[in-house]
Every structure is written in C-alpha cells, then in structure tokens.
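Structure assessment
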Amino acid sequence: MLESFWQDLRFGTRMLVKQPRFTITILVVLALGIGANTAIFSIVNSVLLRPLPYRNAERLVEVSETAGTNAGAIETTAVSLPDFLDWRQNNQVFEQMALYRWQAFSITGGADPEMLHGWYVTADFFPTLGVEAIKGRSFSSDEDSNGGARVVMISHALWQRRFGSDPAVVGQTINLNNTQYVVIGIAPAQLNLERNIDVYLPMALWADDMRSRSFRAAFVVARLKPNISIEQATANMSVLAAQLAAQYPDSNENVGASVRSLQQVLVEDIRTTLIILLGAVGLVLAIACVNVALLLTVRSAARQKEIAIRMALGIDRKRLIRQLLVEGTLISFLGGLLGLLLAKLTFAIMIASLPADLPRLEEIHMDGYVLMFTFALSVLTGVVFGLVPSIQYSRMELSERLKDDGQRQIGGYRSNKTRSILVVSEVALSVVLLVSSALLLKSLFQLIRVDVGFDPRNVLAMNVSLPFARYPKAEERRNFYLNLLQRVRNLPGVEGVAATNITPLNSEGYNNPVVVDGKPAEVNAPSTSYALVSPGYFETMKISLVRGRSLNERDVAPNPPVAVIDEDLAKRLFTSGEDPIGRKLKVATLADNGVEIVGIVKRVGRYGLNSQSNVHLYVPYLQAPLLKNTILVRTNVSDPLTLANAVRREVLACDPNQPIFNVRTLEQDMAAVVAPQRLMAILVSSFAGFALLLAAVGLHGVMSYVVEQRRSEIGVRIAIGAQRKDILRLIVGDGLKLTAIGLVTGSVLALLLGRVISASLYQVSAADPWTYAATITMLTFVSLAACYGPSRRALGVDPLVALRGRD
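Presented here is a report on the structure given in the accompanying data block. (Residues numbered from 1 in each chain as written. Predicted model: local features only at pLDDT ≥ 70, side-chain atom pairs only at ≥ 80, totals over all residues. Heavy atoms only, no water.)

1. Quick word on the pairing of strand E20 (residues 615-620)
- When you tally the buried positions in E20, you get six out of six residues, the bulk of the element.
- Sheet topology places strand E15 (residues 527-533) next to E20; five bridges connect them, and they run parallel. Looking at the pairing, Leu 532 lines up with Val 619 of E20.
- Sheet analysis places strand E17 (residues 562-566) next to E20, joined by two bridges and oriented antiparallel. Bridge pairing in E20 links Val 564 to Tyr 618. (Buried < 20%, exposed > 50% of the residue type's maximum accessible area, 1.4 Å probe, protein only. Helix = DSSP H or I, 4+ residues; strand = E, 2+ residues; numbered from the N terminus. Pairing = 2+ DSSP bridges.)

2. Observations concerning the side chain of Gln 263
- Looking at where Gln 263 falls in the secondary structure, it is placed in helix H8 (residues 262-302).
- Within the local environment of Gln 263, its side chain forms a polar contact with the backbone oxygen of Arg 50, the two atoms lying 3.0 Å apart.
- Excluding residues within four positions of it along the chain, Gln 263 makes contact with Val 47, Leu 48, Leu 49, Arg 50, Pro 51, Leu 52 and Arg 360. (Polar contact = N/O pair within 3.5 Å; in protein donor to acceptor, adjacent residues only side chain to side chain. Contact = heavy atoms within 4.5 Å.)

3. Some thoughts on the packing of aromatic side chains
- Applying the stated rule across the entire model yields 16 aromatic pairs.
- The interplanar angle of 65° and the centroid separation of 5.5 Å between the aromatic rings of Tyr 471 and Phe 480 together place this pair among those described as edge-to-face.
- Their ring planes at 85° and their centres at 5.2 Å tell us that Phe 480 and Tyr 481 sit as a pair that is edge-to-face.
- Classification of Tyr 481 as buried rests on a relative accessible area of 0%. (Phe/Tyr/Trp six-rings, centres within 6.5 Å; stacked < 30°, edge-to-face > 60°.)

4. Topic: a nonpolar patch on the surface
- Taken together, Val 744, Val 748, Leu 749, Leu 752, Leu 753 and Val 756 make up a surface patch of nonpolar side chains, about 510 Å² in accessible area.
- Looking at the secondary structure, you find Val 744 in helix H22 (residues 724-758). (Patch = residues over 30% accessible without salt bridge, like charges linked within 9 Å, V, L, I, M, F, W, Y side chains within 5 Å. Areas by Shrake-Rupley, 256 points an atom, 1.4 Å probe, with all protein chains shown as cover. Salt bridge = Lys/Arg side-chain N within 4 Å of Asp/Glu carboxyl O.)

5. Looking at unusual backbone geometry
- Backbone geometry places Asn 178, a non-glycine residue, at a positive phi of 65°.
- Here Asn 178 is to be found in the loop between strand E7 (173-176) and strand E8 (179-186).
- Relative accessible area serves as the criterion here: at 39%, Asn 178 is assigned to the partly exposed category.
- Although it is not a glycine, Asn 254 adopts a positive phi angle of roughly 65°.
- By the secondary structure assignment, Asn 254 is in the loop between helix H7 (249-252) and strand E11 (255-261).
- Asn 254 gets classed as partly exposed once you look at its relative accessible area, which sits at 46%.

In structure tokens, the structure reads:
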C-alpha cells in the first residue's frame, strides 16, 4: 500500500512538472487567495472574535448614561461620580463596578520632561477587570476615599521605556504634575481598554472636582453577576436612572442608562470596516477556489482519453481514482503551503498599514486555527474537483471514451454544465467585488473633496497640558499661553499661531443648550459645543469671517464676554430678517448674563470630513483659560514638523518642566480621519483587481479548452465556407454568453449586498448606476480579451489537418 502511494506521488509529481504553466497557475491562484484571506481573518479574529484578555471577559460591560430630549435619545458615554456611587450601591445585577477618567500628566526628574496619559480609577478598577499588578499591588479601599495617599501605578510600557524594567521602581517616588507620588505597582501589559495609558491614580485624588451630578466626564466598567444577561442589567439600570431622575430633576431629568458589552464598545468604530474586508477577502478565496476547480475540471476533461487508455490496459478503477486523488491533493497541498508562506508576508504588510489607534492592535497575530482552516479549504477544493470528474470518467464505457473526440463534436458540442456554472460563479463574484471597490473608491474621492471650512496645509499642531499644582490660577495659565504664543510667533517661518481646546477634526466638546436672550426658551433649544480660542485663531486656521469681527486681545475681563458663531448656528437661532451681531446668547457653563455675538464665521468639519462640526460657538480663551490646549502653528515651510523642536524649545523656555505631546500636522489629522475608509477602499480594490485577473484566467482557460475540443467542428465549418467573422462569433459568443449570465447574477447579488457597505459610503448610493455600468463594461472588455487568444487559435485551424484527425 505504501509502495503504491509513493508510486502515485512520483507519477503525480511528473505530471505537474510536465505541465508547468498549469501547475504555476494553480499555485499562484491558491497562494494569493490563502495569503490574503489568512491575513485579514487573523486581524478580524484578533480584534472582533477573540475574547478580551480578562478573566470571564464575556461578563464585562460598559455602563453609560443617555441624555434624552423630546426629539429622541442621544447616547453618551460620560457618567458623573455621584450617579456612579448610587449605581454601585443600589444595583442588583453587577458583581463589581469601577469608574475611570482620563487626565494628562507631566513627569519630571531624571530624564527629559515627558507628557503621560493617565487614568484616575476607583479601587475596584483592577479587580473588576480581573487583573493583578505584575509587580507590587493595586489600590486599596483606603486609597479610594477622600484624603487617600498620593500613590500611583505605572503601565508596563512606561516601566520598560522610562525605568528600564527595574523592579526597584516599586516603592520609589516620581514627580507627576509637580506633585510627588509613590509607585505601588506595575500594571499588566494586556490592560488595553485604551491605548497608551501610562499611569493610574486613585479617583479620590480627583473626586473633589467631580461631586456635581452635572459634571459627566467619567466612564464605568462593570462585571455582570453569573447568569445575568445584558438585557436584565439594562432593565435594572433603567429603573435606577428613573429613580435618580425623580430625586434629582435639575441634573438628571431625561437621563437614562444603557449597558453594552465591553468588547462591542471597544471595537464598534472599526467593526464595519473589518467585516467588509472579511467579506471581500472571503469572496477572493471563493473566487480562487472556483478558479482552481475550473482549471482542474478542464484538465481532467482534457485527460479523459489518457484515462480511458490506462483503463483499457488493465488499471484497477480504485487504483486510478486513488492516483488522481493523490495528484489533486499534491497540487492543492503545494498551493496551500505556498499560500501560508505568502500569508506571513501579507500579514506583516497589512499590520503596517493599519491605523495606529486600532483597538487591540498589540493582540493581533497569526492564528493557527485560521491557518489550518484556509489551508484545509484549499486542499479540499483541489481534492473534490480533481476527484469528482475522475470518478465520472472511470464509470464511462471504454469504447465511447476511446473514440475520437472530434467525431462527437461535429454539428455542435455538448456543453459542460459544471464548467459553465463555475465560470458564471466566478464572474458573478467578481462583479460583487468590483462594484464594492468602485463604490468605496468613489466615496473616498467624495470624502477628501469635502470643503472642511479651513486650510489644513502647513499647520503644525501639538498639545500642552499644564499641571494644576503649578498653575492653579486662571491668570497664571493665561500668562503662560500668552507668553508662549508670542515666542512662537517670533520664530522664523511662522505665519500665525493660536491656541484652542478643541481642534476641528478629531476632538469632542460638551453639548450645551443655546438660547437667544430676549426670546422665549424652546423645549428643544439648539444644542452645541463651544471652543475656547485665542486671538488669531481664525486667521491661523484660515476660517473665513462672514460678518462682524474676529476675537482679539481686548476680549478679556473686565470687558463684557463676547462670542463668535458660525453660519449654521446663526441660521438656527435667527430668522432671515434678524441681525445676530450685537445680540446676546445664554449658554450653560458660560457667563450668567450671556455672551454678545460680535462675528459670524464659516462652519467647519470636526469628527470626520463627512460630518459637520458640533462646534458652532467660539469664545475668547483669555476669558476662561484652561490647563490643556492645542497649539496651532501656520508655517511657510513645506514640512511643518521641522519646526517642532523649535516650538518645543520655546515651551521649555516658558517652563523647563513642561513637556509637549501629540505633535503632528493638521494634514495628518485629516489623513487619520479618513484612514478607515482609505484602508477599506485600497484593500477591497486590491482584492477586486485580483478577482478580475482570476476571472480572466478562468474564462481564458475554458475557452482554450473549448477551442481544442472543437477543432474538428471548426475545421468542418471552415471547409464548407464559414467566414472568419462566423468563427469569431462562435467562440467569442460562447464566452460572452457565460459572462452575460455572470454579470446579471453578480449585479443582483451586489444590489442585495449593497446595504452592507451603504453605511460606509459618503454621497454615493449603493445602487449607483454609473458604478454598475462601469463594472459591467470593464468585465465585458476583460471577457473579450480572455476570448481573444483562443479565437485567434480557432481562426488558424487548418481544415485538412483538423479533418485528418478523424481518420
């Protein structure tokens, strides 16, 4: 048995070597299909499917508050500390609940000053997640109460980066925001609710500023009790929220609660993109398998006479089937092996192209189960479509099989349903991919052409966060930023400089209802965020002034508070005959007597280029200076980043212990905004191009086989006077007939699946007729090209040679 297997293996190897073009085609098709599929599925599996790296991660949820209005409910993720304390005490569905919120910290001493990202957390934060410190300990309940000790846990990354993985750092003191803290522990590396968190401090150190129920700026993670579902938890929290709303109507009216899976929350922004990519690469693998099946079917059909001769010489049918099975398995195994090697390279390239802020990025790796699945699928494809025709041929009569094929083809040929179905399937799947890629590319093109209302070119941006311990007074913060802006303004190559707490593209402010002084307050008053901006902000950002004036150095106390609004808010607050300039607005958390409108500017984009900003109101930074701001520097140099070190030196000149962070350009911000759409469009288009190539290869292979099988028929037709155009019509018509069926089928499928990507499209309909027309035209031309070579060979058939083959 083993000896015959080795004989079959050697024979199969010789057959593959004997047909190098066929062998290379199969290997390349399988390798590309498996490589792309394995890489993408490994990413999807790591980010979406694999459980979070916590104990019983399926029971971890995020609890958030929802702000409701008569117009509907708007979900938020911000929670106030008093509401959290009531939730934790009165809920019936959670084992543990923890609160955390972000804060920037500057660390000084030893190395250069560095800006760190940190979280204030309650003591049950780490127990709720089910993780422990890898060195030292986490926070105790005593440290979670007011007046707790000034202690800190540092991240595994910070421990390695700044302290050289020295275990002796536990127990030492570090300086954060000009305050000494004792390091009590090192957090585990897999603690990745948010990327790049460096330090963790007790919430009690921040609690004094969070006692207001209206101050919603924290997040809640909780662990469900066993056998409690998310639906049950949501019902219980809704009851608690209603009780708080009745008890505290001033702060909690129309405030509800929602409970969502923590894993779902972490990946919701990238989920649609990854699912679309998974679907696209799945189609590529399906097309690759169909193509392999098509080529193997054609090859098996071409060998039918050889198989008949071997059977006539006495080979056992079971032995024949086993030998053909070994051949199919061998080619599929080699193709799968090459695909796994290519997957390694493809995976590395895709990882490098992923956004840096992708959730769970550090957890992504090649999964062994994914490798085995895709490898087994490729081998199964080769085995099935190599074996099935062989079984069919082995059951046919030898006398029929030994007859000359041309004799049976005169007067027409018997179409092979299997080959036709495979060709139609391949074309149909290619249509779906091509339409999807064309829609995504068109959407991306529309996205990057949106007028965002400002000029991002040649603008350097960096963040500065002053520690409250060094700058407790508003005047101190104002003087620091005024001094810094003036120093930066004097640097060579600087055309303008400004500071703001909210940048247009990627920052979020708090919504506040806005009413016009003297007008009755509406039930659904317009809600907006406001940005604190320094003098020169609109000029630096090149935001057009429509009416009135900009903000300047005189807009500071004790002068009356003023504001600039954009066109959108002006239209919402005032009728066409009203003049907004000089009117007063009342906005929560701003001046009690209202702010006077002194100017109107063009509206700008913020979260994405496909959405308008929620910031419609600008107030002078000088009237309410914050600790944290973004410094914007417009330059006349081609690469604004070359000025980053000069600006950093000016910051250190103002305060030698003050670091800067998140240094980038506004063009990089814009690129980051469209990064998911760009990644999706590029990858899907690459997959579509590969599918188009496979469709051409498959159709070319089938038509070549058809021409070879119909040589005698073609010779007869030429002999009795058929013209070149008749032969061309015969061959090309057969190919286009299959293509047309595939185009119709694929178009229907694309329309049905269009709703999957519709949410990722901007100003493009999923049923865009021009996209479908372009796709159909492209595939038609590809089909003509694929049929051209076989048609030329058909025109070159010599009738005498073809007819002599019948004798």
